[in-house]
Amino acid sequence: MKEELIKKAYDIAVERYAAVGVDVEKALEKLQQVALSLHCWQADDVAGFESKGSLSGGIQATGNYPGKARNMEELRADILKAASYIPGQHRLNLHAIYGDFGGQFVDRDEIEPKHFTSWMEWAKEHNMKLDFNSSSFSHAKSGDLSLSNPDESIRQFWIEHTKRCRNIANEMGKFQNDPCIMNLWVHDGSKDQTVNRMKYRELLKDSLDQIFAVDYKDMKDCIESKVFGIGLESYTVGSNDFYIGYGVSRQKIVTLDTGHFHPTESVADKISSLLLYIPEIMLHVSRPIRWDSDHVTIMNDDTLELAKEIVRCDALDRVHIGLDYFDASINRIGAYVVGSRATQKCMMQALLEPLALLRKYEANGQYFERLALLEESKSLPWNAVWDMFCLRNNVPVGESFIADIQKYETEVTSKR
Ligand code: RNT
Ligand code: ZN
């Protein structure tokens, strides 16, 4: 698109927003500071590099689109390609199964920081910070229960894995001079009715206490709940209540995955409650369709409301925005780009909301006026501001990245 046109539209937008009391330049500055934590697992359907086993543990990637990354080199190339279409500087969220194991089988209770040195160096080279995740799924010892397994040897295996992950995350944080956020999600649950709900939760609580016994300075812990997993429909050990209780009592970051709640539950509404009791929140932005299907994030009401709540709570520095979807049915790099840009577009609109005026109306009991302005602001020219954001960040404005990704598909991914 022609630069003059983008600038013209932007100048008009600046005036329109000024009329409702919004400083567009300030909104752009804030958006520039919002780093997404890009999930490395979008590039290969959560396969990782340790074995060729299939995905297990209550999560599933559906689809069979050709061209997925088969090794570390391809994964890194795809991530860089995707990042080149996403304005701003972002983080990369690694799972433990993506270590650089040098062709050896390294079991999960044996992983060490050295298996992630090449990632740290690579990330530094590309000006990215790393986040991290322990991996309890897709392993011979995953079963239905990991950290809550009554078999003490299995439970200790996963405790050891998770402890090691925290140490690795801490090394990453030290290396990058910025805390690495480590997410802990385990699939533990039961397909059918259980008569021992308390027992598994006690075990999970004890495992977490053992895991968190060491204090680290360069990493932050977050814990993620879930409603249910495929094959584990009746009971989830790490439910929302469980982790909120645990998070509040231990002052841990709670991860809210937008696919992990009942379909009519508002995840946006949780931000203000949680932030009163826990230090920070991690988000896994996704798009559940009927269940935790991990469809590519789009600019829908759920994501918009979530973004608006972060801004309305003045919590940009306390809410970390990670992505967590994995659609194997379309071009995977395209999926990265669409979901990331959609999340940023939602943040853009949130930052451009005429909040002062809306709040004045609300305080005065002027509810028609509040509703009218909320409706009108949906069609204020936020897109012109977004285009300017892309232009300033040297990434394609509008849909021109589609052709670029098609080209990369023809030249690179389709040949895999
Ligand atoms: C699974 C959780 C978890 C995973 C990733 C791969 O339901 O959302 O966050 O998606 O760790
Ligand atoms: Zn998640």
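Residues numbered from 1 in each chain as written. Chains lettered and ligands numbered in written order. Predicted model: local features only at pLDDT ≥ 70, side-chain atom pairs only at ≥ 80, totals over all residues. Heavy atoms only, no water.

Asker: I keep staring at helix α7 (residues 240-250) and nothing clicks. Help me out?
Answerer: For an α-helix the count is 3.6 residues per turn, leaving residues at separations of three or four pointing the same way. When α7 is considered as a whole, its buried residues turn out to be Asn240, Phe242, Tyr243, Tyr246 and Gly247. For α7, the buried positions fall inside an angular range of 160° around the axis, keeping them on one side. Considering only its buried residues, α7 is in contact with β4 (180-184), α6 (197-211), β6 (219-224), β8 (253-257) and α8 (270-274). Within two residues after α7, Gln251 carries a phi angle of roughly 55°, on the positive side. (Buried < 20%, exposed > 50% of the residue type's maximum accessible area, 1.4 Å probe, protein only. Helix = DSSP H or I, 4+ residues; strand = E, 2+ residues; numbered from the N terminus. Arc of directions from axis to C-beta. Contact = heavy atoms within 4.5 Å.)

Asker: Would you mind showing me how to read the coordination of the zinc ion (ligand 2) here?
Answerer: Each donor-metal-donor angle would ideally measure 109.5 degrees in four-coordinate tetrahedral geometry, or 90 or 180 degrees in six-coordinate octahedral geometry. Every protein donor of the zinc ion (ligand 2) is listed here as Glu224 (OE), Asp257 (OD), His284 (ND1) and Asp324 (OD), and their distances to the metal cover 2.1 Å. Each of the six donor atoms bound to the zinc ion (ligand 2) contributes to angles spanning 71 to 171°, and the resulting shape is octahedral. Between consecutive donor residues of the zinc ion (ligand 2), the sequence gaps follow E-x32-D-x26-H-x39-D. Linking Glu224 in strand β6 with His284 in strand β9 (residues 281-285), this pair joins segments that are 60 residues apart in sequence. The exposure classification of Glu224 matches that of His284, with both residues buried. (Donors = N, O, S within 2.8 Å, 3.2 Å for Na, K, Ca; no water. Tetrahedral: all angles 85-135°; square planar, octahedral: opposite > 155°, others 65-115°.)

Asker: Is there a simple way to think about the packing of aromatic side chains in this case?
Answerer: Think of a pair of aromatic rings as described by two things: how far the centres are apart, and how the planes are tilted against each other in angle. Applying the stated criterion across every chain, the model contains twelve aromatic pairs. Between the aromatic rings of Phe242 and Tyr243, the centroid separation amounts to 5.1 Å while the plane-to-plane angle is 85°, which identifies the pairing as edge-to-face. When sorted by exposure, Phe242 lands in the same class as Tyr243, which is buried. Among the aromatic residues, those joined into a ring-pair cluster are Phe212, Phe242, Tyr243 and Tyr246. The side chain of Arg76 reaches across the aromatic face of Trp119, ending 4.2 Å from its centre. Over the aromatic face of Phe157 sits the side chain of Lys141, whose NZ or CZ is 4.6 Å from the ring centroid. (Phe/Tyr/Trp six-rings, centres within 6.5 Å; stacked < 30°, edge-to-face > 60°. Lys NZ or Arg CZ within 6 Å of the ring centre and 35° of its normal.)

Asker: Looking at this structure, I do not really get the site of ligand 1. What am I missing?
Answerer: Neighbouring ligand 1 are 13 residues, the closest being His95, Glu224, Lys226, Asp257 and Asp324. At 2.8 Å, a side-chain N or O of Asp257 approaches an oxygen atom of ligand 1. Between Asp324 and ligand 1, the recorded distance is 2.7 Å, taken from a side-chain N or O atom to an oxygen atom. About the coverage of ligand 1: the protein hides 100% of its 300 Å² of free accessible area. Counted by class, the shell around ligand 1 contains five nonpolar, three polar and five charged residues. (Near = heavy atom within 4 Å. Polar contact = N/O pair within 3.5 Å; in protein donor to acceptor, adjacent residues only side chain to side chain. Areas by Shrake-Rupley, 256 points an atom, 1.4 Å probe, with all protein chains shown as cover. Nonpolar A, V, L, I, M, F, W, Y, C, P; charged D, E, K, R; others polar.)

Asker: Hey, could you run me through the sheet that holds strand β1 (residues 36-39) in this one?
Answerer: Pairing between the strands of a sheet comes from backbone hydrogen bonds, and it takes one of two forms, parallel or antiparallel. Judged by pairing direction, the barrel is parallel, and its eight strands sit side by side in the order β1-β2-β3-β4-β6-β8-β9-β12 before closing back on the first. Averaged over all adjacent pairs, the angle separating strand axes in this sheet is 30°, with direction ignored. Sheet analysis places β8 next to β9, joined by four bridges and oriented parallel. The residue of β9 that forms the bridge with Asp257 is His284. Of the strands in this sheet, β9 and β12 (319-323) are in contact with helix α9 (residues 301-312), which crosses β9 at around 160°. (Pairing = 2+ DSSP bridges. Axes fitted to C-alpha atoms, helices over the stretch in contact; angles between N-to-C directions.)

Asker: Sorry if this is basic, but what is going on with the nonpolar core here?
Answerer: One broad rule of soluble globular proteins: the nonpolar side chains tend to lie buried together. The biggest cluster of nonpolar side chains holds 121 residues, and the ones touching the most others in it are Leu92, Leu94, Trp119, Phe132 and Leu283. Excluding residues that lie within four positions of it along the chain, Trp119 makes contacts with Phe49, Met72, Leu75, Arg76, Leu92, Leu94, Tyr98 and Leu130. (Core = buried A, V, L, I, M, F, W, Y, C linked by side-chain atoms within 4.5 Å.)

On their own, these measurements won't tell you what the molecule is for.
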